[in-house]
2 protein chains.
Amino acid sequence: MAIHQPPQPADLVLSAAWVVPVVPGGAVYQNCACVIRHGRILALLPRAEAERRYQAAETLHLPDHLLMPGLVNAHGHAAMTLLRGLADDLPLQPWLEDHIWPTESRWLGADFVADGTRLAIAEMIASGTTCFADMYFYPATVAAVARHCGIRAQIAFPILDFATPWAATAEECLHQGLALHDEIRGDPLLRIAFGPHAPYTVGDDTFARIAVYAGEVDAAIHIHLHETAQEVADSLATHGERPIARLHRHGLLGPATQCVHFTQFVDGDLDLLATTGARVVHCPRSNLKLASGYCDVARLRAAGIPVALGSDGAASSNDLDLFTELRFAALLAKGLGGDATRLPAAVAIEMATLGGAIALGLDSEIGSLEPGKAADLIAVELTDPGALPLYNPLSQLAYTGSGSRVSHVWVQGRPLLREHRFLTLDFAAVTASARDWQTRIAATSAP
Amino acid sequence: MAIHQPPQPADLVLSAAWVVPVVPGGAVYQNCACVIRHGRILALLPRAEAERRYQAAETLHLPDHLLMPGLVNAHGHAAMTLLRGLADDLPLQPWLEDHIWPTESRWLGADFVADGTRLAIAEMIASGTTCFADMYFYPATVAAVARHCGIRAQIAFPILDFATPWAATAEECLHQGLALHDEIRGDPLLRIAFGPHAPYTVGDDTFARIAVYAGEVDAAIHIHLHETAQEVADSLATHGERPIARLHRHGLLGPATQCVHFTQFVDGDLDLLATTGARVVHCPRSNLKLASGYCDVARLRAAGIPVALGSDGAASSNDLDLFTELRFAALLAKGLGGDATRLPAAVAIEMATLGGAIALGLDSEIGSLEPGKAADLIAVELTDPGALPLYNPLSQLAYTGSGSRVSHVWVQGRPLLREHRFLTLDFAAVTASARDWQTRIAATSAP
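Criteria and thresholds
- Residues numbered from 1 in each chain as written.
- Chains lettered and ligands numbered in written order.
- Predicted model: local features only at pLDDT ≥ 70, side-chain atom pairs only at ≥ 80, totals over all residues.
- Heavy atoms only, no water.
- Helix = DSSP H or I, 4+ residues; strand = E, 2+ residues; numbered from the N terminus.
- Rg over C-alpha atoms; globule rule 2.2 N^0.38 Å.
- Buried < 20%, exposed > 50% of the residue type's maximum accessible area, 1.4 Å probe, protein only.
- Contact = heavy atoms within 4.5 Å.
- Areas by Shrake-Rupley, 256 points an atom, 1.4 Å probe, with all protein chains shown as cover.
- Salt bridge = Lys/Arg side-chain N within 4 Å of Asp/Glu carboxyl O.
- Phe/Tyr/Trp six-rings, centres within 6.5 Å; stacked < 30°, edge-to-face > 60°.
- Buried area = accessible area lost by both parts, 1.4 Å probe.
- Nonpolar A, V, L, I, M, F, W, Y, C, P; charged D, E, K, R; others polar.
- Core = buried A, V, L, I, M, F, W, Y, C linked by side-chain atoms within 4.5 Å.
- Least-squares fit on C-alpha atoms with pLDDT ≥ 70 in both.
- Axes fitted to C-alpha atoms, helices over the stretch in contact; angles between N-to-C directions.
- Parallel < 35°, antiparallel > 145°, perpendicular 65-115°, else oblique.
- Left-handed = near helix turned anticlockwise from the far one by under 90°.
- Pairing = 2+ DSSP bridges.
- Bend = angle between axes of the 7 residues up to and from the residue.
- Domains from an automatic or database assignment.
- Polar contact = N/O pair within 3.5 Å; in protein donor to acceptor, adjacent residues only side chain to side chain.
- Expected span 1.5 Å × (residues − 1).
- Arc of directions from axis to C-beta.

(A) Structural detail: the overall build of chain A. Looking only at helices and strands, chain A features 17 helices and 16 strands. At 22 Å, chain A has a C-alpha radius of gyration in line with the 22 Å of a compact globule built from 447 residues. Here the C-alpha coordinates of chain A stretch approximately 75 × 50 × 45 Å along the principal axes. Scored against the burial criterion, the 447 residues of chain A give a buried share of 64%. The contacts of chain A with a sequence gap of at least 6 include a subset with a gap of at least 24, amounting to 71%. In the structure as shown, chain A presents an accessible area of about 14800 Å², 53% of it carried by carbon and sulfur atoms.

(B) Examining the environment of aspartate 64 of chain A more closely. Checked against the element boundaries, aspartate 64 of chain A lands in strand E4 (residues 54–69). By relative accessible area, which is 28% here, aspartate 64 of chain A ends up partly exposed. Residues aspartate 64 of chain A and phenylalanine 157 of chain A lie 93 residues apart in sequence; the distance between their C-alpha atoms is 41 Å. Those residues in contact with aspartate 64 of chain A that lie beyond four places of it in its chain are Trp18, Val380, Glu381, Leu382 and Thr383 of chain A together with Arg435 of chain B.

(C) Quick peek at the pattern of salt bridges. With the rule as written, the count across this model stands at 47 salt bridges over all chains. Arginine 327 of chain B is the salt-bridge partner of aspartate 319 of chain A, the closest N and O atoms lying 3.2 Å from each other. With one member in each of two chains, aspartate 319 of chain A in the loop between helix H12 (314–317) and helix H13 (322–337) and arginine 327 of chain B in helix H13 (residues 322–337) form a pair that bridges those chains. Aspartate 319 of chain A gets classed as buried once you look at its relative accessible area, which sits at 3%. For arginine 327 of chain B, a relative accessible area of 2% puts it in the buried group. Linking arginine 435 of chain A and aspartate 64 of chain B is a salt bridge whose minimum nitrogen-to-oxygen distance equals 3.9 Å. With arginine 435 of chain A in helix H17 (residues 427–444) and aspartate 64 of chain B in strand E4 (residues 54–69), this pair bridges two chains.

(D) How the structure looks around the packing of aromatic side chains. Residues and elements named next belong to chain A. Under the criterion given, the structure shown has 13 aromatic pairs over all chains. Where tyrosine 136 meets phenylalanine 137, the ring centres are 5.1 Å apart and the plane angle is 65°; that geometry is what we call edge-to-face. Exposure remark for tyrosine 136: the relative accessible area of 3% places this residue in the buried category. Overall, phenylalanine 137 belongs to the buried group, its relative accessible area being 11%.

(E) Representation of the interface of chain B and chain A. Across the boundary between the two partners, chain B contributes 64 residues, which contact 63 residues of chain A. Of the roughly 4700 Å² buried at the junction of chain B and chain A (both faces included), carbon and sulfur atoms supply 64%. When the buried surface of chain B facing chain A is broken down by residue, Asp89, Leu388 and Tyr391 of chain B rank first, second and third, together holding 16% of it. Viewed at the interface, chain A and chain B are joined by six salt bridges. Here aspartate 89 of chain A makes a salt bridge to lysine 334 of chain B, at a shortest N to O gap of 2.9 Å. For the side of chain B that touches chain A, the elements supplying multiple residues, two or more each, are helix H3 (110–126), helix H10 (284–289), H13, helix H16 (393–399) and helix H17 (427–444) of chain B. Its residues assigned to classes, the side of chain B that touches chain A comprises 32 nonpolar, 19 polar and 13 charged.

(F) Spatial organisation of the nonpolar core. Grouped together as the largest cluster of nonpolar side chains are 257 residues, with contacts concentrated most on Phe112 and Phe194 of chain A together with Phe112 and Phe194 of chain B. Residues contacting phenylalanine 112 of chain A, with those up to four places away along its chain left out, are Ala79, Leu82, Leu83, Trp107, Tyr136, Trp437 and Ile441 of chain A.

(G) Spatial organisation of the relation of the copies chain B and chain A. If you rotate chain B by 180° and push it 0.0 Å along the axis, it lands on chain A with an RMSD of 0.0 Å. Such a combination of turn and shift is consistent with a two-fold rotation axis. When you check the interface residues of chain B against chain A, 98% turn up at the interface there too, and the contact is symmetric in its surfaces.

(H) Quick peek at the packing of H13 of chain A against helix H14 (residues 345–352) of chain A. Residues and elements named next belong to chain A. Contact pair H13 / H14: the axes reach a minimum separation of 10 Å and the direction vectors enclose 130°. When the interaxial angle is binned, H13 and H14 end up oblique. Once H13 is placed against H14, the crossing between them reads as right-handed. Within the contact between the two elements, H13 uses Leu322, Leu326, Ala329 and Ala330 and H14 uses Ala348, Ile349, Met351 and Ala352.

(I) Quick peek at the sheet that holds strand E14 (residues 406–411) of chain A. All names here are of chain A. On the basis of which strands lie adjacent, the open sheet formed by eight strands has the order E3-E2-E1-E4-E13-E14-E15-E16 and mixed pairing. Two strands close off the open sheet at either side, each with one partner strand: strand E3 (40–46) and strand E16 (421–422). As paired elements, E4 and strand E13 (residues 377–381) share five bridges and run antiparallel to each other. Bridge pairing in E13 links histidine 65 to glutamate 381.

(J) Focus on the sheet that holds strand E2 (residues 29–37) of chain B. Read across the sheet, eight strands follow the order E3-E2-E1-E4-E13-E14-E15-E16 (chain B) without closing on themselves; strand pairing throughout is mixed. Each of the sheet's edge strands pairs with one partner strand only, and the pair in question is strand E3 (40–46) and strand E16 (421–422) of chain B.

(K) How the structure looks around the pairing of strand E5 (residues 71–76) of chain B. All names here are of chain B. Most of E5 sits out of view: six of its six residues are buried. One ladder, built from four bridges, connects E5 with strand E6 (residues 129–135); its direction is parallel. By the bridge assignment for E6, leucine 71 is matched with threonine 129.

(L) How the structure looks around the side chain of histidine 181 of chain B. Residues and elements named next belong to chain B. Tracing the backbone shows histidine 181 in helix H5 (residues 170–184). Since its relative accessible area comes to 9%, histidine 181 is described here as buried. Residues contacting histidine 181, with those up to four places away along its chain left out, are Ile192, Val217 and Ala219.

(M) Expanded view of the side chain of aspartate 269 of chain B. Residue placement: aspartate 269 of chain B occurs in helix H9 (residues 267–276). Discounting residues that sit within four places of it in the chain, aspartate 269 of chain B has contacts with His226, Arg242, Ile244, Phe262 and Gln264 of chain B.

(N) Just helix H2 (residues 92–107) of chain B, in detail. Residues and elements named next belong to chain B. The axis of H2 is deflected most strongly, by about 35°, at isoleucine 100, and proline proline 102 appears within four residues downstream. Every buried residue belonging to H2 is among Leu92, Trp95, Leu96, His99, Ile100, Thr103, Glu104 and Trp107, and all of these are buried. Elements in contact with the buried residues of H2: H3, helix H12 (314–317) and H17.

(O) Quick peek at the domain arrangement of chain A. All names here are of chain A. As far as domains go, chain A holds domain 1 (8–69 + 367–412) and domain 2 (71–359). Taken over C-alpha atoms, the centre of domain 1 sits 29 Å from the centre of domain 2. Across the contact, 27 residues belong to domain 1 and 28 residues belong to domain 2. Taken together, both faces of the contact between domain 1 and domain 2 bury some 2000 Å²; the carbon and sulfur share is 66%. Interface area lost by domain 1 to domain 2 is led by Ala398, Tyr399 and Val411, which between them contribute 27%. In this assembly, domain 1 and domain 2 are joined by one salt bridge. At the boundary of domain 1 and domain 2, one finds nine residue pairs in polar contact (both at pLDDT 80 or more). Of all elements in the fold, only E4, E13, helix H16 (393–399) and E14 reach the threshold of two or more residues within the side of domain 1 that touches domain 2. Per-element accounting of the side of domain 1 that touches domain 2 gives the leading share, five residues, to H16.

(P) Up close: helix H6 (residues 204–217) of chain A. Residue and element names in this part refer to chain A. Helix length check: H6, at 14 residues, gives a terminal C-alpha distance of 20 Å against a target of 20 Å (1.5 Å per residue), a fit within 8%. Here H6 has its buried residues at Thr206, Phe207, Ile210, Ala211, Ala214 and Val217. Down the axis of H6, the sector holding all buried residues measures 155°, keeping them to one side. Residues Asp205, Gly215 and Glu216 are exposed on H6 and point more than 90 degrees away from its buried face.

Quick look at the structure:
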């Protein structure tokens, strides 16, 4: 005999034609509802049951849409979006030395970072990213903009052994970064990480200091590592060891370490990752475009190493659409691995969601639609010709369309995008500011 | 002294913030107008001058858009769009033998081809393709649907040495194909080509006959060639020669021959292409997804061999967005070639437009915005966050966004898409039919 229970309160009962919870892997639920209260997922259950069991302040049914966890972009330089397309089709070093660095040294400042970060966040929200890992100068500005927009972020303050407009020395980087870390502590959406730029821009003393400080404050370490074969060769010539071995010697490898790019590895490198629990962030489009190499994700995954997905900065990659990034990752794994069964759709989607959450140490909070987790989720509209017919929604997500299908975005239950319209951003102002920077930067940059 | 000339008549004066004519290569014109009369481009000139010199029935200015030639999708199987996502993450042979062929043998017919082709054309128009090369059964149905939708097409009738629902023998394929060729002759938008399926499905006698007939009627030959290493190895074992050499022996290689895929080649193969003038169609996403291999486009281009771009059928690739295909081509050329300067944005765009026109023998008609050519052009809206800032429109086209930015499409001056709305297609009916096929096919296909 069924006992009648009074409806429980909820803030939002959200239902859609399909729900992809990511956990359990490969699952697709039809006509399922996600019940949200106080920014968290209360339950995932059949729509009819949800409407019977919950008394919601708001009910939203999306009949042509798919609900899934928001994407996690595990590496980027948000403010560099202002340099998108300024210099293309160049190798890494001339691209950096002749174009990016001169432009940065001319224009970099808190205003550049505020406007560039806001543009990047607009693009990420519009294409379904609800959490991003950033590494750039003026991290306090990045934090302020992210907080204003309501997006979740891990903000790595950069550490380099040379002067930048933001900090004159590595010591000053650490000082400012630690102050920001203290200030942000307890923020529900933001975390501060240590961002040693790369093995070739950070010396041994600084690495040693980072290991101590990051351990003390229990913060993640986010670093460009093994991006190119040249980097590894140079390290062997200069330090007599591979960059990852050098990091390990300084105590920098652990489960909170995020190794970005990692296009070069030998078995010993995998052993170091596996024994320390360090994570890898794969940026396939940036690696291809700069001809940096290819990160063999399938081999990393087979070795049990968690892999996340990152767009890198728009100055190299050139957009922040993680759905497109995901497709590149999935197709490259098959094509370059010579095996069409590698990185199937469900796994690629997991890499772009839960994989990112694991890399950032946030998998108890986000990365899947499970009761108790934060309500960071997106709706993907599947009505365009490329979404038809629809035998398998996972295939449609991984292999067709782009982030432009994302219609709704919530972070911790707060709506950031509704019917493709921004709720926390003034997009006209973002556009005007981007055009203004474009005019100024174009007037001073090399042809 | 300026002599006042009376305005000349025009059907449409179309202007936009940017015009990318493709010829001259790399050019970007600002505030330029394209003047159209009787389906052809009369002139390309500054907007103010166009409005002074021409008296147009219609004037349209697109202030946030870029005008460019419509994209040419040089290989696909339009009707297979109905099988999109039915079976993914499988190697070529099990994918074909266990999924695609059984489903085709159950469902293939003129109605399947009509509905599938219409869906594919909707997707192609919506993403900026104005001309497509097709190879599929019931080519007369493909021609009828293409004509109804107003899109340009090269329709290759398939030729195989085994029975299909469309034709019992190769002889019957040729008979039906030649009849269609005669019927279509003189059509301003459609051409019929010979479509020997592949070296492993067509015998020597049939190849010899195709060479004779195609020469007699002056038609193109469109063939899957060197798609996989296995195909080449099998040919060496069976015929004692590489597939391309076998084609050459039968007289099938010439400037009207379109070799699709071509992931495998040695210097001798390049010599055959170069001396005969045969063209290559590159389908990077399909090749990656089925782990078929990689076509080294930069090496082909360096050898002077024209290369076009194709999506392949949506059953393998899985969407028909040629902008995404173009990005895969450009990034793979850099990443796999180990040289970031390869296939720069302008060249990738040329490959997707003029390159396709050259491959199909249509470069006197389409592929660039030049006076005298047909008015096959598209408008790309550049207002989304991923399009900002905009230093170089070519970079934005090649490396950001997707075909979803295409807002307007004209073929031979006739509008097919306006503000993202179809003018020659009933998209609600297309959607309903795709869902109906989905239900029927899903009910009978292997899990």
